[in-house]
Amino acid sequence: MRKQLLSHHCSIFGVMCGLKKSLPFAAFLFFLFSFQDAVSQQKMLRGVILDAQSGERVPFASLRFTHSGAGKLSDSAGNFSFRFEAWPKDTLEITYVGFQNYDLPVSDSLLRRSRNDSLFVVVHLQRGQYTNEVVVSRKVDFGYLLWRKIVRRKKFNDRYRFKNFSYELYNKLELDLNKVNKNKLESIKLLRPFDFVLNNIDSSEDDPFLPIYVTETLSDYYYQHSPLKRREVILGSKTVGLDNESVSKFLGGMDQNINFYNNFIPVFDKRFVSPLSNNGDNYYRYKIVDTQYVNARRFLHLIFTPKRKGENTFEGDCWVHDTSFAIQKMTLRLDASANVNFVDQMSLIQEFSQIDDSTWFLTKDKFVVNLSAFGKKRMGAIGRKTTTYRNIKYDDSSVTRELDKNKILEEVLFGPNARNQPDSFWVNNRHEDLSRNEKAVYQMVDTLMKMKIFHTYANVLNFLGTGYLDVGNYEIGPWYNWIYANQLQGLRLRFDLGTNKGFNKNLILHGYLAYGFGDQKWHGEADALYLFKRSPRFSVYGMYRQDLDYGQQYYDEITSDNIFALAVRKPHVPIKFLNLEEQKLEIFKEWLSGFSLTVAGDHKVYNPLLNLPSKDIYSQFSGDPLNAFELSFKLRFAYLEKFFETTFYRTSLGSDYPIADLKYTRGIPGVLGSTQQYSKLDASISDYIKVPPLGSIYYNLFAGKTFGTLPFPFLNVAPGNETYYYNQYAFSLMNKYEYLHDQYLGVNFEHNIGNGLFRFIPLTRKLKFRQFYTIKALWGSLSDANQLYNSSPDYTFHSLNSKTYMEVGTGVDNIFKVFRVDFIWRLLPLNAPTTLNERFGVFGSFRLTF
C-alpha cells in the first residue's frame, strides 16, 4: 500500500513537475488558440474613399456610425478600417467638405460580399457645394490670413524661382466614353462588327464607362529662368493608331505646364483666376476647416469658393504646410456657373513633395474633364491626364549644359526610336503600372487597326467631316464644291482628284475639272507640292489654274464656289465675275529663328466677264493690259509659332508673340506676254492676346502702297463681304470691288470679353451667352492717274480719298454654344456713296469652342 501511495504521489508529483516545466509553452499555446479564436470572431470593414470625378483619394474624410456614434478619419491616402466583434446593424456616414454626404448601410446585401469576415469597399464621393460652408462671420478671418501668407511666400515656394531645373516626366492620357448603354449600342447594326469593344465597359462606378484610347509619353524636361530656355527630349511616345509627330509633341511637357502659383491658370482657351492669385481675395472666399499631422508635419486644410457667379473662377481646397506655407496638395474644380462649353465637370489636381529640408516641388498633376456635348444625361466623354515627375534637379550645372544645346529658345526633340519603343521599354520606364482597363484599350486599338471595316468607317466619317475621301493612294473631294450655281455659269459641277501619303510621303498632286452648263465652258486647276524638309519647312509649290477668280480668298472664311455660299448671299448684290488664267511657282524656306521667306513667280491674265469694267476701257494700251508677271518676296516673322501638322499641310496654332509680314512685289513686262511694270509693298502685324480676366483681344494692322498706273486687278481692292455670314477679316457693310486704292492703311480689332454683362442676368448666365465688340477702320487713296485710268461709264470704283471708313459692331456669342450674331454699324464716311446705302446689318456665324 505504501508503495502504491508513494507511486501515486510520485506520479502526481511528476505530472506537477512536468506541468511546471511546460507551463510557459502551455500558456503560449493557450494564448495562441485563444487569440486565433478571437480573431476568427472579429469582423473587419476596410475601404478607400475616392473622388468620383477625378478618381483621386480623399484624405482625412470624416467617418461616423449614425447609431453607435463611433467614428474616425480616413488616413492621408483615403484609407480606413473598422473592427467589430459582430457586424453592426448601423449606417456609416462619410463626409468631406465640398462633397455630398455618403451613407453606407451595413446591410445583409453588403455583408454577402464579405470574405472570411472581412469586407473591402470603395466609396466614390460625388461633388457637392462649398457655398453654404464658406461663411466667415468672425472678426478675424483666419482663412484670409492664411491665404495672405501663402501669397507672401509664393516667391519661396514656386518652382520657377530656381535658376534652372529638370526632371523626368511621364504623361498618360486616357479617353473614355461615359454613360454607356450597352444594350442600346448592341442594337445598332452598324456597330455589330465591333461588339467585342463593349466587353471593356467598366460598371464599377455609378455611370458605366468605356475606355477607348490611351497614350503615353516619357521625356526629359529642362528649364532655365534667365535667359529663358526650355528643352524637352522625348524618350518614348506611344500613340497606337495615331501616327502624327505634332500630336506626340503636344502630349509631352512643353505645352502642358500649369502652375497653380501663377495669377491665372489656363483652362482650354480661357484663363481662370487662380486661388493663389495676388488679388485672389477679390474673387474668392477662404476658410480653414481642418488641421492634420502627416509624418510629424502639420498641415492646414483651406477651402475656397467664388465670391460671384459667372466669373472664370474655381472652387476647391488645398493642404498647406504650416511652416513654409507651401502647397502640399491642391484640387481645383470648375464652378458650375463658369462660362465653359461642353464641360460637365472638371478637376485639376497637383501634389507637391518635399525633396529636401526646405524645397517643395511638383511631383504629380492630374487633369480630369467630363465632356457632355449633347446634355448631361446622354453619353459623353471623360478625358484623364496624369503626369508624374521624377529625378528632379534644380540649380544644377548639368541642366545648363543640356540647355546650351538649344538652337532656339524652345526646342522639342525626339530621342532615338522614341515613337517606336518596344513594350519592354515601357515596362521598365513608365512611372506607374497600367490598369486593367488601360491594358485592354491597347489590345482593343491594336485589334481595330487590323480590321478593314474599321478603316472603311473611319474614311467615311472623315469624308463627311472634312469633305475628303481616300481611295487607295488617291483622294477625292471636297464634296461641298461638287455642285454650285451662279448667274454666269448656271449649274456648275466640279470634281477633284489628288494623291495622298500612300502615293508619296513628300509629293502631293492635286487637280480639278469644273463644267458650267450655262456658259458651256471647262475650268480647272493642276497643282503640286513637294516637301524637301518638314522642320524647319522647305518646300516648292507649282500651280496652273484657269477659272473664275472669286477674289480675296485670304479674307474669306467661306469660299464663294460651294453650296453653302448660295444660302447666305446678300440679295440684290451682283456677283463680280473675273476669269483668271494663272501659272505660279513658289519656293518656301523657313528657319528655326521664326523667319520664313517665300519667293514666287506668278503669271496672271485677267478677263472681266460680268458686273466689272471690260478690258476694252484700256484700249489705248498696246498688248493685253491685264497680262502681268510678278516676282515677289515675302518675309514673315512668327517667333515660336506652333502648328498642327498632317503629312503635307499644317495649320497655325498661333504664337505668344506678334506675327509680322512684309512683302515686296515687282511687275516685270515682257515675260509670257506681260505688259505691266510696277512695284508693290505690303506689310501687316497681328496678334492674339489673352487679357484675363477680361477675355482676349485680336488685332491686325495692315498697310500697303502700289507704285505705278495699273488696271484695277493689280491695285488694292478693299476686302468686302457680300454674304450674311460674318467674316472676321472683311468689312461687313462693304461690297467687293467697291473701294479701290493704290495706298492704304487699316486696322481690325476684336475684343471677346467672355460673359461680360451677361453674367449679371440669371437667364443669360445660365445660357452662357458671351459678349464682344469689334472695330474695323480703313484709310486709303487712289491717285488721279489710276482714277482716270480705271474710269468706266458702266462701273464706278470709289476711293476713300484719305477719308476714314469705319465699322463697329457688337452682338451675342455662344448662342446654343455654336452660333454668333453680329450687329454692325457703318459710322464713316458719312456721305460716301454705296451700292446698297447700307448703314446697319445683322450677320451670323458658327464655330465650336470651349
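Description of the structure in this document. Being a predicted model, the structure only gives us computed values, none of them experimental.

**What to know about the overall build of the chain**
So, step 1. Looking only at helices and strands, the chain has 13 helices and 42 strands in total.
So, step 2. Among the 850 residues that make up the chain, the fraction classed as buried is 47%.
So, step 3. For the chain, the share of sequence-separated contacts (at least 6 apart) that also reach a separation of at least 24 residues comes to 64%.
So, step 4. Approximately 42,800 Å² of the chain is accessible, and the part contributed by carbon and sulfur atoms is 58%.

**Brief notes about the sheet that holds strand β2 (residues 62-65)**
So, step 1. Across the sheet, which stays open at both edges, the 4 strands sit in the order β3-β2-β5-β6 with antiparallel pairing between neighbours. Every other strand in the sheet has two partners, leaving β3 (71-73) and β6 (102-105) as the edge strands with one partner each. Each strand of the sheet is rotated relative to its neighbour by a mean of 15°, with strand direction disregarded.
So, step 2. In this structure, β2 lies alongside strand β5 (residues 91-95), joined through 4 bridges in antiparallel fashion. Counterpart to Arg64 in the pairing with β5 is Glu93.

**Here's the deal with the layout of surface pockets**
To find leftover empty space, a probe the size of one water molecule is rolled over the atoms.
So, step 1. Its volume calculated, the second largest pocket comes out at about 1,200 Å³.
So, step 2. Lining the second largest pocket are 44 residues, and of these Gly55, Glu56, Arg57, Lys364 and Lys366 sit closest to its centre.
So, step 3. Where the lining of the second largest pocket is concerned, the elements lending two or more residues are β1 (43-51), β8 (164-178), β14 (297-306), β16 (327-334), β17 (343-354), β18 (360-371), β19 (380-394) and α9 (436-449).
So, step 4. Looking at the lining of the second largest pocket residue by residue, the class counts come to 13 nonpolar, 13 polar and 18 charged.

**Quick word on the nonpolar core**
So, step 1. Of all hydrophobic cores here, the largest spans 73 residues; its most connected members are Leu45, Ile49, Leu92, Phe314, Ile327, Met346 and Leu348.
So, step 2. Counting 20 residues, the second-largest nonpolar core is a separate cluster that includes Val214, Trp426, Tyr442 and Leu448.

**Points about the environment of Ala526**
So, step 1. You can see Ala526 is positioned in strand β26 (residues 521-534).
So, step 2. Note on Ala526: relative accessible area 43%, which makes it partly exposed.
So, step 3. Separated by 28 residues in sequence, Ala526 and Gly498 have C-alpha atoms that sit 9.4 Å apart.
So, step 4. In this structure, Ala526 is in contact with His510, Gly511, Gly542, Met543 and Tyr544, ignoring residues within four places of it in sequence.

**Some thoughts on the side chain of Ser732**
So, step 1. Structurally, the position occupied by Ser732 is in the loop between β36 (716-717) and β37 (740-741).
So, step 2. Note on Ser732: relative accessible area 1%, which makes it buried.
So, step 3. Setting aside chain neighbours within four positions, we find Ser732 in contact with Lys570, Asn721, Tyr726, Lys776, Glu807, Ile824 and Phe843.

**A word on the pairing of strand β28 (residues 577-590)**
So, step 1. Relative to β28, strand β27 (residues 537-548) is paired through 11 bridges, and the arrangement is antiparallel. Considered in β28, the bridge of Val540 is made with Ile587.
So, step 2. Here β28 pairs with strand β29 (residues 595-610) via 14 bridges, running antiparallel. Paired with Glu581 across the strands is Val605, a residue of β29.
So, step 3. The hairpin turn running from β28 into β29, its antiparallel successor, is 4 residues long, and Gly594 in that turn takes a positive phi close to 105°.

**Comments concerning unusual backbone geometry**
So, step 1. At the junction of Ser226 and Pro227, the peptide bond is cis and its omega measures out at -10° in the coordinates.
So, step 2. Residue Pro478 is bonded to the preceding Gly477 through a cis peptide linkage, with omega at 15°.
So, step 3. Mapped onto the elements, Pro478 comes out in the loop between β22 (474-476) and β23 (483-486).
So, step 4. A positive phi angle, near 70°, is found at Asn814, a position not held by glycine.
So, step 5. Mapped onto the elements, Asn814 comes out in strand β40 (residues 804-815).

**A closer look at the pattern of salt bridges**
So, step 1. All chains considered together, the criterion is met by 39 salt bridges.
So, step 2. A salt bridge links Asp317 to Arg333; its shortest N-O distance comes to 3.6 Å. In this pair, Asp317 is assigned in strand β15 (residues 314-321) and Arg333 in strand β16, connecting sequence segments 16 residues apart.
So, step 3. A single network of salt bridges, built from pairs that share partners, joins Glu56, Lys329, Glu351, Lys364 and Lys366.

**Observations concerning the sheet that holds strand β7 (residues 118-125)**
So, step 1. Taken in spatial order, the 3 strands of this open sheet run β4-β1-β7, and their pairing is mixed. The strands lining the two open edges of the sheet, one partner per strand, are β4 (79-84) and β7. The mean inter-strand angle of the sheet, taken between neighbouring strand axes irrespective of direction, is 20°.
So, step 2. Examined bridge by bridge, β1 and β7 share 8 bridges and lie parallel to one another. For Leu45, the partnering residue across the bridge sits in β7 and is Leu119.

**Quick word on helix α3 (residues 142-152)**
So, step 1. Within the sequence span of α3, burial applies to Gly143, Leu146, Trp147, Ile150 and Val151. The buried residues of α3 occupy an angular sector of 140° when the element is viewed end-on, so they sit on one face.
So, step 2. Looking at the buried positions of α3, the neighbouring elements they touch are α4 (154-157), β13 (284-294), β14, β15 and β16.
So, step 3. Its side-chain oxygen at 3.3 Å from the backbone nitrogen of Gly143, Asp141 defines the N-terminal cap of α3.

**Some words on the packing of aromatic side chains**
So, step 1. Under the counting rule described, the total for this entry stands at 55 aromatic pairs.
So, step 2. For the ring pair Tyr160 and Phe165, a centre distance of 5.5 Å and an interplane angle of 70° mean the geometry is edge-to-face.
So, step 3. Seen in terms of ring centroids, Phe165 and Tyr223 are 4.8 Å apart; in terms of plane orientation they differ by 25°. Their pairing is stacked. Placement of Phe165 in strand β8 and of Tyr223 in strand β9 (residues 209-224) is noted, with a sequence separation of 58 residues between them.

**Points about the side chain of Ser539**
So, step 1. Along the polypeptide, Ser539 turns up in strand β27.
So, step 2. We classify Ser539 as buried; its relative accessible area is 7%.
So, step 3. If we skip the residues at most four places from it in the chain, Ser539 touches Leu529, Tyr530, Leu531, Phe532, Glu586, Ile587 and Phe588.

What counts, and where the lines are drawn
- Residues numbered from 1 in each chain as written.
- Predicted model: local features only at pLDDT ≥ 70, side-chain atom pairs only at ≥ 80, totals over all residues.
- Heavy atoms only, no water.
- Helix = DSSP H or I, 4+ residues; strand = E, 2+ residues; numbered from the N terminus.
- Buried < 20%, exposed > 50% of the residue type's maximum accessible area, 1.4 Å probe, protein only.
- Contact = heavy atoms within 4.5 Å.
- Areas by Shrake-Rupley, 256 points an atom, 1.4 Å probe, with all protein chains shown as cover.
- Pairing = 2+ DSSP bridges.
- Axes fitted to C-alpha atoms, helices over the stretch in contact; angles between N-to-C directions.
- 1 Å grid on protein atoms, 1.4 Å probe; cavity = no way out; pocket = protein on both sides within 12 Å on 5 of 7 lines; lining within 4 Å.
- Points joined across faces, edges and corners; volume = space filled by probe spheres on them.
- Nonpolar A, V, L, I, M, F, W, Y, C, P; charged D, E, K, R; others polar.
- Core = buried A, V, L, I, M, F, W, Y, C linked by side-chain atoms within 4.5 Å.
- Salt bridge = Lys/Arg side-chain N within 4 Å of Asp/Glu carboxyl O.
- Arc of directions from axis to C-beta.
- Polar contact = N/O pair within 3.5 Å; in protein donor to acceptor, adjacent residues only side chain to side chain.
- Phe/Tyr/Trp six-rings, centres within 6.5 Å; stacked < 30°, edge-to-face > 60°.

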